Amino acid sequence: MGILYDDVVIIKPPEKEGDPTMVTVNCPDKTGLGCDLCRIILFFGLNIVRGDVSTDGKWCYIVFWVVGKQKTRWSLLKKRMVEACPSCSSASGISYYCSDLQPTKPPDVFLLKFCCHDRKGLLHDVTAVLCELELSIIKVKVSTTPDGKVLDLFFIIDTRDLLHTKTRKDDTMEHIKGVLEDSVLTMDIELVGPEISACSQASSFLPAAITENDYSLELPDSVQTGTLRSDYTSITVDNTLSPAHSLVQITCQDHKGLLYDIMRTLKDYNIKISFGRFTTKPRRKCEMDLFIMQADGKKIVDPNKQSSLLSRLRTELYRPLRVAVVSRGPDTELLVANPVELSGEGRPLVFYDITLALKMLEICIFSAEIARHVIGDREWEVYRILLDEGEGLCVPRNKIEEGVWKMLMGWE
(Lines give C-alpha, C1' and ligand atoms only; values in the text may rest on other atoms or scores of the structure.)
Protein backbone atom coordinates (compact mmCIF):
# COMPACT_ATOMS: atom_id res chain seq x y z
CA MET A 1 0.00 0.00 0.00
CA GLY A 2 1.38 3.43 -0.86
CA ILE A 3 0.54 7.03 -1.47
CA LEU A 4 2.10 9.44 -3.93
CA TYR A 5 4.92 11.47 -2.40
CA ASP A 6 3.24 14.80 -3.20
CA ASP A 7 0.04 13.68 -1.46
CA VAL A 8 1.63 12.84 1.90
CA VAL A 9 1.28 16.47 3.03
CA ILE A 10 -1.17 18.81 1.30
CA ILE A 11 -1.37 22.49 2.21
CA LYS A 12 -4.55 24.30 1.21
CA PRO A 13 -4.49 28.13 1.38
CA PRO A 14 -7.44 29.86 3.08
CA GLU A 15 -10.37 30.89 0.88
CA LYS A 16 -10.43 34.36 2.39
CA GLU A 17 -8.00 36.52 4.33
CA GLY A 18 -7.98 35.82 8.04
CA ASP A 19 -9.08 32.19 7.73
CA PRO A 20 -6.70 29.42 8.80
CA THR A 21 -4.59 27.39 6.37
CA MET A 22 -5.49 23.68 6.21
CA VAL A 23 -2.62 21.18 6.38
CA THR A 24 -3.48 17.55 5.64
CA VAL A 25 -1.17 14.62 6.44
CA ASN A 26 -1.86 11.12 5.08
CA CYS A 27 0.82 8.50 5.78
CA PRO A 28 1.66 5.30 7.67
CA ASP A 29 1.13 5.64 11.40
CA LYS A 30 3.76 5.62 14.13
CA THR A 31 3.66 6.40 17.83
CA GLY A 32 4.52 10.05 18.38
CA LEU A 33 3.83 11.18 14.81
CA GLY A 34 1.40 13.85 16.02
CA CYS A 35 4.02 15.19 18.44
CA ASP A 36 6.67 15.38 15.71
CA LEU A 37 4.34 17.22 13.34
CA CYS A 38 3.20 19.68 16.03
CA ARG A 39 6.83 20.42 16.89
CA ILE A 40 7.57 21.28 13.26
CA ILE A 41 4.50 23.53 13.02
CA LEU A 42 5.58 25.30 16.22
CA PHE A 43 9.11 25.74 14.84
CA PHE A 44 7.66 27.59 11.85
CA GLY A 45 5.91 30.04 14.18
CA LEU A 46 2.38 28.77 13.49
CA ASN A 47 -0.48 28.16 15.93
CA ILE A 48 -2.90 25.27 15.58
CA VAL A 49 -6.49 26.46 16.03
CA ARG A 50 -8.16 23.17 15.13
CA GLY A 51 -7.09 19.59 14.56
CA ASP A 52 -8.53 16.19 13.65
CA VAL A 53 -6.78 12.82 13.72
CA SER A 54 -7.87 9.31 12.83
CA THR A 55 -5.93 6.09 12.42
CA ASP A 56 -6.57 2.39 11.95
CA GLY A 57 -3.30 1.46 13.63
CA LYS A 58 -1.39 1.25 10.36
CA TRP A 59 -2.40 4.35 8.43
CA CYS A 60 -2.92 7.85 9.81
CA TYR A 61 -4.94 10.82 8.57
CA ILE A 62 -4.38 14.17 10.30
CA VAL A 63 -5.73 17.63 9.51
CA PHE A 64 -4.40 20.82 11.10
CA TRP A 65 -5.87 24.30 10.69
CA VAL A 66 -3.07 26.78 11.40
CA VAL A 67 -2.61 30.54 11.64
CA GLY A 68 0.53 32.61 12.05
CA LYS A 69 2.97 34.95 10.40
CA GLN A 70 2.29 36.10 6.85
CA LYS A 71 5.65 35.11 5.36
CA THR A 72 5.49 31.42 6.18
CA ARG A 73 7.65 29.27 3.90
CA TRP A 74 4.92 26.79 3.09
CA SER A 75 6.96 24.68 0.66
CA LEU A 76 9.68 24.23 3.28
CA LEU A 77 7.10 23.45 5.95
CA LYS A 78 5.68 20.73 3.70
CA LYS A 79 9.14 19.29 3.10
CA ARG A 80 9.91 19.13 6.82
CA MET A 81 6.56 17.50 7.63
CA VAL A 82 7.05 14.93 4.88
CA GLU A 83 10.47 14.10 6.34
CA ALA A 84 8.85 13.47 9.74
CA CYS A 85 6.54 10.85 8.23
CA PRO A 86 7.70 7.25 7.69
CA SER A 87 10.30 7.00 4.92
CA CYS A 88 9.56 6.78 1.20
CA SER A 89 10.60 4.31 -1.46
CA SER A 90 10.45 4.49 -5.24
CA ALA A 91 8.80 2.18 -7.75
CA SER A 92 8.82 2.77 -11.51
CA GLY A 93 9.99 6.35 -10.95
CA ILE A 94 7.01 7.24 -8.75
CA SER A 95 7.63 7.96 -5.07
CA TYR A 96 5.53 6.10 -2.53
CA TYR A 97 5.52 6.12 1.24
CA CYS A 98 6.14 2.95 3.16
CA SER A 99 6.34 2.10 6.85
CA ASP A 100 9.96 0.87 6.85
CA LEU A 101 11.92 3.37 8.92
CA GLN A 102 15.70 3.50 8.57
CA PRO A 103 17.87 4.31 11.60
CA THR A 104 19.54 7.70 11.45
CA LYS A 105 22.95 8.73 12.77
CA PRO A 106 23.20 11.47 15.39
CA PRO A 107 23.40 14.92 13.76
CA ASP A 108 26.70 16.75 13.54
CA VAL A 109 27.24 19.56 16.04
CA PHE A 110 28.90 22.79 14.91
CA LEU A 111 30.33 25.66 16.94
CA LEU A 112 29.51 29.16 15.74
CA LYS A 113 31.70 31.67 17.54
CA PHE A 114 32.00 35.37 16.97
CA CYS A 115 33.18 38.49 18.74
CA CYS A 116 31.57 41.88 18.15
CA HIS A 117 30.64 45.18 19.76
CA ASP A 118 27.59 44.90 22.00
CA ARG A 119 24.22 46.58 21.45
CA LYS A 120 20.62 46.11 22.56
CA GLY A 121 18.78 43.30 20.81
CA LEU A 122 21.94 41.80 19.29
CA LEU A 123 21.43 38.32 20.70
CA HIS A 124 17.85 38.17 19.47
CA ASP A 125 18.80 39.35 15.98
CA VAL A 126 21.40 36.57 15.69
CA THR A 127 18.96 34.00 17.09
CA ALA A 128 16.34 35.08 14.53
CA VAL A 129 18.83 34.52 11.69
CA LEU A 130 19.71 31.05 12.96
CA CYS A 131 16.03 30.12 13.20
CA GLU A 132 15.39 31.46 9.69
CA LEU A 133 18.24 29.30 8.38
CA GLU A 134 16.88 26.23 10.25
CA LEU A 135 19.91 26.00 12.50
CA SER A 136 18.83 24.56 15.84
CA ILE A 137 20.56 25.95 18.93
CA ILE A 138 21.39 23.19 21.41
CA LYS A 139 23.69 25.19 23.67
CA VAL A 140 24.84 28.79 23.89
CA LYS A 141 27.41 30.65 25.92
CA VAL A 142 27.32 34.44 25.77
CA SER A 143 29.63 36.69 27.73
CA THR A 144 30.25 40.43 27.79
CA THR A 145 33.67 41.99 28.35
CA PRO A 146 34.23 45.19 30.37
CA ASP A 147 35.12 47.12 27.20
CA GLY A 148 31.68 46.55 25.62
CA LYS A 149 32.45 43.54 23.44
CA VAL A 150 30.58 40.23 23.40
CA LEU A 151 31.91 36.73 22.76
CA ASP A 152 29.15 34.39 21.64
CA LEU A 153 29.45 30.61 21.35
CA PHE A 154 26.50 28.82 19.70
CA PHE A 155 26.47 25.03 19.48
CA ILE A 156 24.13 24.37 16.58
CA ILE A 157 22.71 21.56 14.46
CA ASP A 158 21.85 22.06 10.81
CA THR A 159 18.46 20.50 10.09
CA ARG A 160 19.36 20.64 6.40
CA ASP A 161 22.59 18.69 7.08
CA LEU A 162 24.63 21.00 4.85
CA LEU A 163 26.72 23.04 7.26
CA HIS A 164 29.78 20.93 6.48
CA THR A 165 29.78 22.45 2.98
CA LYS A 166 31.58 25.71 2.21
CA THR A 167 28.51 27.17 0.48
CA ARG A 168 26.22 26.64 3.48
CA LYS A 169 28.87 27.83 5.94
CA ASP A 170 29.62 31.00 3.97
CA ASP A 171 25.90 31.72 3.51
CA THR A 172 25.30 31.38 7.26
CA MET A 173 28.12 33.75 8.16
CA GLU A 174 26.98 36.28 5.55
CA HIS A 175 23.46 36.32 7.02
CA ILE A 176 24.82 36.84 10.54
CA LYS A 177 27.20 39.57 9.39
CA GLY A 178 24.17 41.20 7.76
CA VAL A 179 22.55 41.80 11.17
CA LEU A 180 25.80 42.51 13.01
CA GLU A 181 26.85 44.98 10.30
CA ASP A 182 30.15 46.73 11.09
CA SER A 183 30.19 45.59 14.73
CA VAL A 184 31.57 42.10 13.97
CA LEU A 185 35.25 41.58 14.77
CA THR A 186 35.82 37.85 14.24
CA MET A 187 33.62 34.91 13.21
CA ASP A 188 34.07 31.21 12.54
CA ILE A 189 32.07 27.97 12.23
CA GLU A 190 33.68 24.61 12.94
CA LEU A 191 32.59 21.02 13.39
CA VAL A 192 32.94 19.79 16.97
CA GLY A 193 32.55 16.39 18.57
CA PRO A 194 29.74 15.55 20.98
CA GLU A 195 32.25 15.50 23.84
CA ILE A 196 33.12 19.17 23.14
CA SER A 197 29.50 20.32 23.23
CA ALA A 198 28.99 18.29 26.40
CA CYS A 199 31.90 20.15 28.02
CA SER A 200 30.04 23.40 27.41
CA GLN A 201 27.53 22.38 30.07
CA ALA A 202 26.57 25.31 32.26
CA SER A 203 26.94 25.39 35.99
CA SER A 204 25.17 22.42 37.57
CA PHE A 205 23.90 24.57 40.42
CA LEU A 206 20.28 25.65 40.10
CA PRO A 207 18.34 27.83 42.56
CA ALA A 208 15.95 26.09 44.92
CA ALA A 209 13.05 27.99 43.32
CA ILE A 210 13.72 26.01 40.16
CA THR A 211 14.62 22.58 41.50
CA GLU A 212 11.82 22.39 44.05
CA ASN A 213 8.47 24.17 43.68
CA ASP A 214 8.55 25.03 39.99
CA TYR A 215 9.41 21.51 38.86
CA SER A 216 7.19 19.49 41.12
CA LEU A 217 4.46 17.37 39.61
CA GLU A 218 2.27 18.34 42.53
CA LEU A 219 0.50 21.57 41.71
CA PRO A 220 0.24 24.37 44.27
CA ASP A 221 -3.08 25.14 45.90
CA SER A 222 -3.19 28.57 44.30
CA VAL A 223 -2.28 29.69 40.84
CA GLN A 224 1.05 31.50 40.81
CA THR A 225 2.76 33.78 38.32
CA GLY A 226 3.79 31.69 35.32
CA THR A 227 0.79 29.37 35.43
CA LEU A 228 -2.38 29.19 33.39
CA ARG A 229 -5.94 29.60 34.66
CA SER A 230 -6.85 26.57 36.79
CA ASP A 231 -10.56 27.34 36.61
CA TYR A 232 -10.43 26.78 32.83
CA THR A 233 -8.89 23.32 33.15
CA SER A 234 -10.71 20.00 33.29
CA ILE A 235 -9.27 16.58 32.41
CA THR A 236 -11.30 13.37 32.61
CA VAL A 237 -10.83 9.74 31.54
CA ASP A 238 -13.83 7.66 30.50
CA ASN A 239 -13.59 3.92 29.76
CA THR A 240 -17.33 3.33 29.18
CA LEU A 241 -17.91 4.98 25.80
CA SER A 242 -15.63 2.78 23.69
CA PRO A 243 -14.94 -0.96 23.89
CA ALA A 244 -11.31 -0.53 22.78
CA HIS A 245 -10.25 2.98 23.82
CA SER A 246 -10.00 5.27 26.80
CA LEU A 247 -11.55 8.68 26.13
CA VAL A 248 -9.58 11.63 27.47
CA GLN A 249 -11.54 14.89 27.47
CA ILE A 250 -9.69 18.15 28.08
CA THR A 251 -10.98 21.69 28.52
CA CYS A 252 -8.29 24.27 29.20
CA GLN A 253 -6.84 27.68 28.46
CA ASP A 254 -5.11 27.93 25.10
CA HIS A 255 -1.44 28.84 24.66
CA LYS A 256 1.19 28.65 21.96
CA GLY A 257 2.23 25.04 21.48
CA LEU A 258 -0.66 23.60 23.50
CA LEU A 259 -1.28 20.67 21.15
CA TYR A 260 2.46 19.98 21.06
CA ASP A 261 2.53 19.82 24.89
CA ILE A 262 -0.33 17.29 24.92
CA MET A 263 1.14 15.20 22.11
CA ARG A 264 4.60 15.26 23.69
CA THR A 265 3.21 13.93 26.96
CA LEU A 266 1.33 11.10 25.23
CA LYS A 267 4.42 10.23 23.17
CA ASP A 268 6.56 10.04 26.32
CA TYR A 269 3.98 7.69 27.84
CA ASN A 270 4.02 5.59 24.64
CA ILE A 271 0.29 6.14 24.13
CA LYS A 272 -1.35 5.99 20.72
CA ILE A 273 -4.20 8.21 19.54
CA SER A 274 -6.77 6.44 17.37
CA PHE A 275 -9.22 9.33 17.02
CA GLY A 276 -9.03 12.89 18.21
CA ARG A 277 -10.43 16.38 17.80
CA PHE A 278 -9.04 19.70 18.98
CA THR A 279 -10.85 23.04 18.72
CA THR A 280 -10.21 26.53 20.05
CA LYS A 281 -12.97 28.74 21.43
CA PRO A 282 -13.31 32.46 22.19
CA ARG A 283 -11.44 33.89 25.20
CA ARG A 284 -8.47 31.53 24.70
CA LYS A 285 -10.41 28.40 25.63
CA CYS A 286 -10.00 25.07 23.89
CA GLU A 287 -11.58 21.63 23.97
CA MET A 288 -10.09 18.27 23.11
CA ASP A 289 -11.44 14.71 22.79
CA LEU A 290 -8.85 11.94 22.42
CA PHE A 291 -9.56 8.23 22.03
CA ILE A 292 -6.33 6.60 23.15
CA MET A 293 -4.81 3.20 23.88
CA GLN A 294 -1.59 1.86 25.31
CA ALA A 295 1.19 0.39 23.16
CA ASP A 296 -0.27 -3.08 23.80
CA GLY A 297 -3.57 -2.00 22.26
CA LYS A 298 -5.47 -1.93 25.56
CA LYS A 299 -7.34 0.77 27.46
CA ILE A 300 -5.81 2.56 30.42
CA VAL A 301 -7.76 0.95 33.26
CA ASP A 302 -5.05 0.79 35.93
CA PRO A 303 -5.89 3.56 38.45
CA ASN A 304 -2.19 4.27 39.07
CA LYS A 305 -1.48 4.69 35.36
CA GLN A 306 -4.52 6.94 34.98
CA SER A 307 -3.46 9.06 37.94
CA SER A 308 0.11 9.39 36.64
CA LEU A 309 -1.03 10.42 33.16
CA LEU A 310 -3.60 12.92 34.42
CA SER A 311 -1.12 14.44 36.86
CA ARG A 312 1.44 14.96 34.10
CA LEU A 313 -1.16 16.40 31.72
CA ARG A 314 -2.38 18.86 34.36
CA THR A 315 1.16 19.98 35.00
CA GLU A 316 1.79 20.55 31.29
CA LEU A 317 -1.45 22.53 30.99
CA TYR A 318 -0.83 24.70 34.07
CA ARG A 319 2.90 25.28 33.56
CA PRO A 320 4.09 24.22 30.10
CA LEU A 321 7.25 26.25 30.73
CA ARG A 322 8.81 27.59 33.91
CA VAL A 323 9.77 31.24 34.24
CA ALA A 324 11.46 32.86 37.24
CA VAL A 325 13.51 35.98 37.95
CA VAL A 326 15.89 35.44 40.86
CA SER A 327 18.92 37.00 42.53
CA ARG A 328 22.31 35.62 41.61
CA GLY A 329 24.53 37.28 44.16
CA PRO A 330 24.23 41.01 43.50
CA ASP A 331 22.88 40.41 39.99
CA THR A 332 19.49 39.55 38.49
CA GLU A 333 19.02 36.30 36.59
CA LEU A 334 16.15 35.16 34.39
CA LEU A 335 15.54 31.42 34.33
CA VAL A 336 13.32 29.65 31.82
CA ALA A 337 12.97 25.89 31.51
CA ASN A 338 11.03 23.40 29.43
CA PRO A 339 10.84 19.60 29.60
CA VAL A 340 12.73 17.62 26.98
CA GLU A 341 11.07 14.76 25.11
CA LEU A 342 12.33 11.28 25.91
CA SER A 343 13.55 11.22 22.31
CA GLY A 344 15.87 14.11 23.18
CA GLU A 345 14.01 16.82 21.26
CA GLY A 346 13.58 20.18 22.95
CA ARG A 347 10.84 22.77 22.55
CA PRO A 348 11.33 25.00 19.48
CA LEU A 349 11.94 28.77 19.56
CA VAL A 350 12.19 29.16 23.34
CA PHE A 351 15.45 31.13 23.17
CA TYR A 352 14.02 33.16 20.29
CA ASP A 353 11.00 34.17 22.37
CA ILE A 354 13.11 34.94 25.45
CA THR A 355 15.47 37.24 23.57
CA LEU A 356 12.58 38.92 21.74
CA ALA A 357 10.75 39.63 25.00
CA LEU A 358 13.89 41.15 26.56
CA LYS A 359 14.51 43.20 23.43
CA MET A 360 10.98 44.61 23.61
CA LEU A 361 11.53 45.42 27.30
CA GLU A 362 14.80 47.14 26.29
CA ILE A 363 16.81 44.94 28.64
CA CYS A 364 20.35 44.02 27.68
CA ILE A 365 21.77 40.54 28.24
CA PHE A 366 25.11 40.30 30.04
CA SER A 367 25.50 36.53 29.65
CA ALA A 368 23.39 33.56 28.64
CA GLU A 369 23.67 29.80 28.98
CA ILE A 370 21.58 26.90 27.72
CA ALA A 371 22.12 23.49 29.27
CA ARG A 372 20.19 20.35 30.07
CA HIS A 373 19.68 19.14 33.63
CA VAL A 374 18.11 15.99 35.03
CA ILE A 375 15.72 17.03 37.79
CA GLY A 376 13.72 14.28 39.42
CA ASP A 377 12.96 11.72 36.74
CA ARG A 378 12.94 14.15 33.80
CA GLU A 379 15.39 16.06 31.66
CA TRP A 380 14.94 19.81 31.36
CA GLU A 381 16.37 22.41 29.05
CA VAL A 382 17.30 25.37 31.25
CA TYR A 383 17.97 28.89 29.95
CA ARG A 384 19.94 31.11 32.32
CA ILE A 385 20.04 34.77 31.34
CA LEU A 386 22.11 37.17 33.44
CA LEU A 387 20.63 40.61 32.87
CA ASP A 388 22.81 43.63 32.24
CA GLU A 389 21.74 46.10 34.90
CA GLY A 390 24.13 48.85 33.77
CA GLU A 391 23.18 51.91 35.76
CA GLY A 392 20.38 49.95 37.39
CA LEU A 393 17.61 47.66 36.16
CA CYS A 394 14.62 49.95 35.72
CA VAL A 395 12.11 47.22 34.80
CA PRO A 396 10.53 45.54 37.85
CA ARG A 397 11.18 41.83 38.16
CA ASN A 398 7.52 40.92 37.97
CA LYS A 399 7.24 42.84 34.70
CA ILE A 400 10.21 40.93 33.26
CA GLU A 401 8.68 37.63 34.30
CA GLU A 402 5.29 38.63 32.91
CA GLY A 403 6.73 39.88 29.61
CA VAL A 404 8.73 36.71 28.99
CA TRP A 405 5.82 34.48 30.03
CA LYS A 406 3.38 36.21 27.69
CA MET A 407 5.82 35.95 24.78
CA LEU A 408 6.32 32.23 25.39
CA MET A 409 2.57 31.67 25.65
CA GLY A 410 1.85 33.63 22.47
CA TRP A 411 -0.06 36.36 24.31
CA GLU A 412 2.23 39.25 23.39
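Caption draft 1: Quick look at the pattern of salt bridges. Scanning the model with the defined rule gives 28 salt bridges in all. Residues Lys267 and Asp36 are paired through a salt bridge, measuring 2.8 Å at the closest nitrogen-oxygen approach. Here the residue Lys267 occupies a position in helix H7 (residues 258-268), and Asp36 occupies one in helix H1 (residues 33-43), the gap between them amounting to 231 residues. Neither residue differs from the other here; Lys267 and Asp36 are each classed as buried. Here Arg168 ties to Asp158 by a salt bridge, and the two come within 2.7 Å at their closest N and O atoms. On the criterion of sequence distance, the pair formed by Arg168 in helix H4 (residues 166-180) and Asp158 in strand E9 (residues 149-158) is long-range, its members being 10 residues apart. Residue classification places Arg168 among the buried residues on the basis of a relative accessible area of 6%. Overall, Asp158 belongs to the buried group, its relative accessible area being 6%. Taken together, the shared-partner salt bridges connect Lys30, Asp36, Arg39, Lys267 and Glu341 into one network.

Caption draft 2: Structural detail: unusual backbone geometry. Phi angles above zero are rare outside glycine, and Asn270 is one such case at about 60 degrees. Residue position: Asn270 is located in the loop between H7 and strand E13 (272-281). For Glu362, which is not glycine, the phi dihedral falls at a positive 60 degrees. Mapped onto the elements of the fold, Glu362 is located in the loop between helix H9 (350-360) and strand E17 (364-375).

Caption draft 3: Representation of the sheet that holds E17 in the model. Spatially, the 8 strands line up as an open sheet ordered E10-E7-E9-E8-E17-E18-E16-E15, and their pairing is antiparallel. With partners counted over all chains shown, the strands left at the sheet margins are strand E10 (184-192) and strand E15 (322-328), one partner each. On average, adjacent strands in this sheet sit at an angle of 25 degrees to one another, irrespective of strand direction. By the bridge criterion, 2 bridges tie strand E8 (residues 135-144) to E17 in an arrangement that is antiparallel. Within E17, the residue paired with Val142 across the bridge is Ala368. Strands in contact with H4 are strand E7 (109-117), E8, E9 and E10; relative to E10, the strand with the most contacts, it is inclined by about 150 degrees.

Caption draft 4: Representation of the side chain of Asp261 in the model. Counting through the fold element by element, Asp261 comes out in helix H7. Ignoring any residue separated from it by four or fewer positions in sequence, one finds Asp261 in contact with His255, Pro320 and Arg347.

The rules we used
The numbering scheme is per chain: residues are counted from 1 as the chain's sequence reads. pLDDT decides what is reported in this predicted model: residues at 70 or higher carry local features, side-chain atom pairs at 80 or more are listed and counted, and totals for whole chains, interfaces and linings draw on all residues regardless. For the side-chain quantities, the full set of heavy atoms in the structure was used; hydrogens and water were omitted. In what follows, salt bridge is the name for a side-chain nitrogen of Lys or Arg lying within 4 Å of a carboxyl oxygen of Asp or Glu. What counts as a helix is a DSSP run of H or I of at least four residues, what counts as a strand is a run of E of at least two, and both are numbered from the N terminus. Partly exposed describes any residue whose relative accessible area lies between the buried limit of under 20% and the exposed limit of over 50%, with all areas from a 1.4 Å probe on protein chains only and scaled to the type maximum. Strand pairing is assigned whenever DSSP detects at least two bridges linking the two strands. Helix axes are fitted to C-alpha atoms over the stretch in contact, other axes to C-alpha atoms as well, and angles between N-to-C directions run from 0 to 180 degrees. Contacts were defined at the residue level, with two residues in contact if any of their heavy atoms lie within 4.5 Å.

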